[in-house]
Amino acid sequence: MSRPIYTIAVTGLNAIDSPGPGVAVIRGLREAASFDVRIIGLAYESLEPGIYMHDLVDITYLIPYPTAGADALLERLLYINSHEKLDIIIPNFDAELYSFMKLEAKLRDSGIHMFLPTFQQFEERHKVNLSTFGKKYGIDVPEGIAVSDSSEIHKHADKLDFPMMIKGKWYDAYVAYNIEQARTYFNKIAAKWGLPVILQKFVHGTEYNVTGLGDGEGNVIAAVPMRKQFITDKGKAWAGISIDDKKLLELTTRFVSATKWRGGFELEMMKSGDGKYFLMEINPRIPAWVYLAVGVGQNIPEALALLALGQKPEPYKTFDVGKLFIRYSWDMIVDRSEFENFSVKGEL
Amino acid sequence: MKINHNLAVSESGFLFNPGTGESFTVNPIGAEIIAMLRNGKSRTEIIDSITQLYQVDRNSFEKDLQDFNGILKTYNLLEKDE
């Protein structure tokens, strides 16, 4: 029996040192058991490596940055759709999700499906609101305060103590060991990602992450916990191992059923010395290390695509424990004409 | 001394704790002791066995075994009630 072929557009092709999830998502989609794919890359910059990975991406289009607004994005997506007849879009950046969520209904009218968190879910889990989120759902979260002025740091220093985490609302996090460092990081982050900046109590421990998928009705479709084995200076996992931690899986189930989470997610957890888990962040999208989940038996990108199309994939119940992912970098040799084509025409 | 029953132990002395993702390596004697613990051998049985097999006096080995026990405990490789 021939399998259906879906045309799926994917963002996050920046497979760099702090990688976007796009390339890993595409690898999952290419290995899907239930369908074949035609992959349309959506890129913001002409040097995103995924654009030039022709064995993974069939054609890539340049799309406008989120700052250009949802209308500009819609116009471009409709243009791309007129050429490619998209079935699904999988956005993979936190910063672009809001625009895509706003466009979900309009894109559906054009036959393009997505499977994204709701506005409430997206806002509630935001770093700025994480403390309230933890209290509401009974999940331990390190105390955090959103501040808009560096003079406020002093006010909260006694309560949060040093070292203290200084986090941007979208990306970036630094450990500050004194008030001067805290102010420096505040200014650095505010200049790059805007206000507010989050001050968070530092938790000593080991980092664990879970990637998963919720069906929007409170059911966990997939969940794979991972321990970071090697962390880059940007705090990204460069190697990790799948683990069988019942506590982490229970926490994930609680998170999905309480919030009725819709879509892919990543829970960033810290396990303190006394074995207690603290939820550090919820990323409302598939993480860059998702190919580990695919490799251990849970093809999250495939299941997400099926959910987007209104199908009900069987929840994954098992996965291989003790499998590692080890990331590596790879130099591609690209002809200048390809770079030129994408830079000038916005298509390759 | 009761070894964590989830622990994956290979003959080469590589230990993997699937619950935490931590891995360790032990030397051949360590691997032998862990194998005996997995087979349910008591502390006395392990001491008897090792002192019969190798040239080590009982007092020294008892002390070494105590140290080894402490290390296993530190890394949560023993059952919780240990």
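Residues numbered from 1 in each chain as written. Chains lettered and ligands numbered in written order. Predicted model: local features only at pLDDT ≥ 70, side-chain atom pairs only at ≥ 80, totals over all residues. Heavy atoms only, no water.

**Q** Quick question: what am I supposed to make of the overall build of chain B here?
**A** For chain B, the count of helices and strands is 3 helices and 3 strands. Reading chain B from its N end, one meets helices and strands in the order β-β-β-α-α-α. For chain B, whose C-alpha radius of gyration is 12 Å, the value lies close to the compact-globule estimate of 12 Å for 82 residues. Summarising its shape, the C-alpha atoms of chain B cover approximately 35 × 25 × 20 Å along the three principal directions. Partitioning the intrachain contacts of chain B with sequence separation of at least 6 by distance along the chain shows that 41% fall at a separation of at least 24. Working note: accessible area of chain B is about 5000 Å², and carbon and sulfur atoms make up 48% of it. Taken together, the 8 basic and 12 acidic charged side chains of chain B have centroids lying 4 Å from each other. (Helix = DSSP H or I, 4+ residues; strand = E, 2+ residues; numbered from the N terminus. Rg over C-alpha atoms; globule rule 2.2 N^0.38 Å. Contact = heavy atoms within 4.5 Å. Areas by Shrake-Rupley, 256 points an atom, 1.4 Å probe, with all protein chains shown as cover. Lys, Arg positive; Asp, Glu negative; His and termini not counted. Charge placed at Lys NZ, Arg CZ, Asp CG, Glu CD.)

**Q** In this structure, what is going on with the sheet that holds strand β14 (residues 324-326) of chain A? I would like to understand it.
**A** By definition, the strands of a sheet pair up through backbone hydrogen bonds, in either a parallel or an antiparallel sense. Residues and elements named next belong to chain A. The sheet built from 6 strands is open, its strands ordered β13-β12-β9-β10-β11-β14 with antiparallel pairing. On the outer flanks of this sheet lie β13 (277-283) and β14, each paired with one strand and no other. Direction aside, neighbouring strands of the sheet carry axes that sit 30° apart on average. As paired strands, strand β9 (residues 206-215) and strand β12 (residues 262-271) are joined by 10 bridges and run antiparallel to one another. Counted as the bridge partner of Val210 is Leu267 from β12. (Pairing = 2+ DSSP bridges. Axes fitted to C-alpha atoms, helices over the stretch in contact; angles between N-to-C directions.)

**Q** What am I meant to see in the sheet that holds strand β5 (residues 144-147) of chain A here?
**A** All names here are of chain A. Taken in spatial order, the 4 strands line up as β5-β8-β6-β7 in an open sheet, and their pairing is antiparallel. Two strands close off the open sheet at either side, each with one partner strand: β5 and β7 (173-176). Recorded for the sheet is a direction-independent mean angle of 25° between the axes of neighbouring strands. Note that β5 and strand β8 (residues 197-201) share 4 bridges and pair antiparallel. The residue of β8 that forms the bridge with Ile145 is Leu199. Those strands touched by helix α6 (residues 151-160) are β5, β6 (164-167) and β8, and its axis lies near 20° from that of β8.

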